[in-house]
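Structure at a glance
For reference, the chains in residue letters:
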Amino acid sequence: MTHLSSEVVRADDADQRLDRWLRRNFGKLPQSLIEKMCRKGSVKVDGKKVKPSFRLEPEQVITLPESIGTDISKTNKPGVLSGYDHSIINQLNSNIIYEDDYLVAINKPPGLATQGGTNQRGHLDKYLNHLTLTKKVEQLRLIHRLDKETSGVLLTAKSLIATREMMKLFKTKNVGKSYWAVSHGVPNPKNGEIKSSLVEDRSQASRRMTSVGTLHHVPGNNAKLALTNYSVQFTFGKLLALVLLFPQTGRTHQLRVHLSSINHPILGDNKYSATPSSSSLPIDMQEAKLGSRMFLHARSLRFQHPFLKKEITIRAEVPKHFEDLARYLEWDLKNLPDTTF
C-alpha cells in the first residue's frame, strides 16, 4: 500500500507548474517519473489527476507518495541524521519563539534554506518533525518561505486545517509583516513606498526577479504588482541605512528587488547588487567582515489568530552579524516600530 502525504500550495508558489514545484521541493526528479505519477494519479491536486504542466493556485492540496525524493518519512528514520543535522536541530529548538496548539514560529537563522534544492546540505523543512514541542504533532507544515540568507520569523502549522486558515490570512493580506534591512546608500525620501511589477528574469540561470515598472500586467511576462512601504531609521553617512520594510504584497524576492530598483540594494545581497557587497565600505569594516552576510531580517508578523480569536504579534531578534554591525555603527535597535503605516 502506498502511503500518501499532503502539502498545501503557498501564496508564493502560485502560478508555478506542478513539475517545477516537485523538483524544487524534492530534488532532480526525472520528467518521465513526474509524467508517470501524474498519469497514474499518485500525484494529485485537490484530489484530481492533473498534467505536469498544471499551474498551481494558493491553498490547493497536493497529495503525493511519501517515498518521493527526499521526503520527511526518510529523514525521520533513526540513524539517518548526521552530526551536522543534529546541531541544526538543536539550534532550531533554541530558536522557537512562539508556540500554541495550532502554530509554531521559528527565528530562522541565516544560511539555512527553507526547503530542499540543488546542493543544499540541509534545509528547515527537513528538520521540522524533529523539533521538541510542548505537544507532539504528526507533521509540522510550512506556511510561507524565507530566502536562504534571510533570517527571522518563519511560521509553521501543526495541522492541515491550521495551515489552510493561516494561508487564507496571507492571501487576503491580513498578516502585517515587517522586515529590517541595511541598504547601500540612503533612500530619498526617507519615508515612502516602492511600487512596481515584478517578473522572473528568464535570461538568468538562477531564479531572479526584475522590476518592470508600475503596470499590473505586461502581456506575455506574467508580471505581478508589488508594493513595499519603507522608513529609514538610522544612517551611516551616505554609505548605509537601516531601513524598516513593510511589504503589502508577497512576491518572490520582492524586498530585495525593490531596494535594488531604487539603487539602494541590500548589503550582502550579491544577486541584486551590481558591485560586491562590501567593496564600498571603509577598510576597517571590510577587514572585520561586517558586510559579509546579507542584511535582511523578518522582524515580525502580526495577525488575528483564526482559532484563539485574538491579535498575535511574533517578533524575532536579529542574528549576530546584524548585532555586530549595529554595535559598530552605534545604531540602537531597541524600540524600533513594527509598523509606521
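Up top is the structure.
None of the values given here were measured: they were computed from a predicted structure.

**Concerning the environment of His297**
Residue position: His297 is located in strand β14 (residues 296–304). Side-chain polar atoms of His297 contact the backbone oxygen of Ala316, separated by 2.7 Å.

**Topic: helix α1 (residues 18–26)**
Here α1 has its buried residues at Leu18, Asp19, Trp21, Leu22, Asn25 and Phe26. Seen end-on, α1 carries its buried residues on one side only, within an arc spanning 160°. Residues of α1 that are buried in the fold lie against β1 (4–8), α2 (31–40), β2 (44–45) and β4 (61–65). In the stretch just after α1, Gly27 is the one whose phi turns positive, near 90°.

**A look at the pattern of salt bridges**
In the structure shown here, the tally under the stated rule is 12 salt bridges. Lys126 is the salt-bridge partner of Asp85, the closest N and O atoms lying 3.4 Å from each other. Taken as a pair, Asp85 in helix α4 (residues 83–94) and Lys126 in helix α5 (residues 124–127) lie far apart in primary sequence, 41 residues in all. Residue classification places Asp85 among the buried residues on the basis of a relative accessible area of 4%. Where Lys158 meets Glu99, a salt bridge forms, and the shortest distance between an N and an O atom there is 2.8 Å. Here Glu99 lies in strand β5 (residues 96–99) and Lys158 lies in the loop between β8 (151–157) and α6 (160–171), a separation of 59 residues in the sequence. Residues joined in a network through salt bridges with shared partners are Asp147, Arg256 and Asp269.

**Points about the environment of Val8**
Among the secondary structure elements, Val8 is positioned in strand β1. In this structure the C-alpha to C-alpha distance between Val8 and Met167, which are 159 residues apart in sequence, comes to 8.9 Å. Excluding residues that lie within four positions of it along the chain, Val8 makes contacts with Glu59, Gln60, Val61, Leu160, Thr163, Arg164 and Met167.

**Focus on the pairing of strand β9 (residues 175–184)**
A large share of β9 lies buried, amounting to 10 of its 10 residues. The alternating pattern of β9 places Val175, Lys177, Tyr179, Ala181 and Ser183 and Gly176, Ser178, Trp180, Val182 and His184 on opposite faces, both of which are buried. Here β9 runs beside β14; their pairing, made up of 7 bridges, is antiparallel. Looking at the pairing, Tyr179 lines up with Ala298 of β14. With 6 bridges connecting them, β9 and strand β13 (residues 240–247) associate as antiparallel partners. Bridging from a neighbouring strand, Trp180 pairs with Leu244 of β13.

**Some remarks on the nonpolar core**
Of all hydrophobic cores here, the largest spans 49 residues; its most connected members are Val182, Leu245 and Leu333. Here this core takes 7 residues from β13, the largest share from any one element. Ignoring sequence-local partners within four residues, the contact set of Leu333 consists of Trp180, Leu242, Val318, Phe322 and Ala326.

**Points about the sheet that holds β4**
Strands sit in the order β1-β4-β2-β3 across an open sheet of 4 strands; the sheet is antiparallel. Looking along the sheet, the strands with just one partner apiece sit at the ends: β1 and β3 (48–49). In terms of strand pairing, β2 meets β4 through 2 bridges, oriented antiparallel. Looking across to β4, one finds that Val45 is bridged to Ile62.

**Focus: the packing of aromatic side chains**
The geometry of two aromatic rings is summed up by the distance between their centres and the angle between their planes. According to the stated counting rule, one finds 3 aromatic pairs in the structure shown. Between Tyr102 and Phe307 the ring centres are 4.4 Å apart and the planes differ by 10°, which places this aromatic pair in the stacked class. Of the two residues, Tyr102 is situated in the loop between β5 and β6 (103–108) and Phe307 in the loop between β14 and β15 (311–315); the sequence distance between them amounts to 205 residues. Judged by its relative accessible area of 27%, Tyr102 is partly exposed. Accessibility expressed as a relative area gives 27% for Phe307, which makes it partly exposed.

About the cut-offs
- Residues numbered from 1 in each chain as written.
- Predicted model: local features only at pLDDT ≥ 70, side-chain atom pairs only at ≥ 80, totals over all residues.
- Heavy atoms only, no water.
- Helix = DSSP H or I, 4+ residues; strand = E, 2+ residues; numbered from the N terminus.
- Polar contact = N/O pair within 3.5 Å; in protein donor to acceptor, adjacent residues only side chain to side chain.
- Buried < 20%, exposed > 50% of the residue type's maximum accessible area, 1.4 Å probe, protein only.
- Arc of directions from axis to C-beta.
- Contact = heavy atoms within 4.5 Å.
- Salt bridge = Lys/Arg side-chain N within 4 Å of Asp/Glu carboxyl O.
- Pairing = 2+ DSSP bridges.
- Core = buried A, V, L, I, M, F, W, Y, C linked by side-chain atoms within 4.5 Å.
- Phe/Tyr/Trp six-rings, centres within 6.5 Å; stacked < 30°, edge-to-face > 60°.

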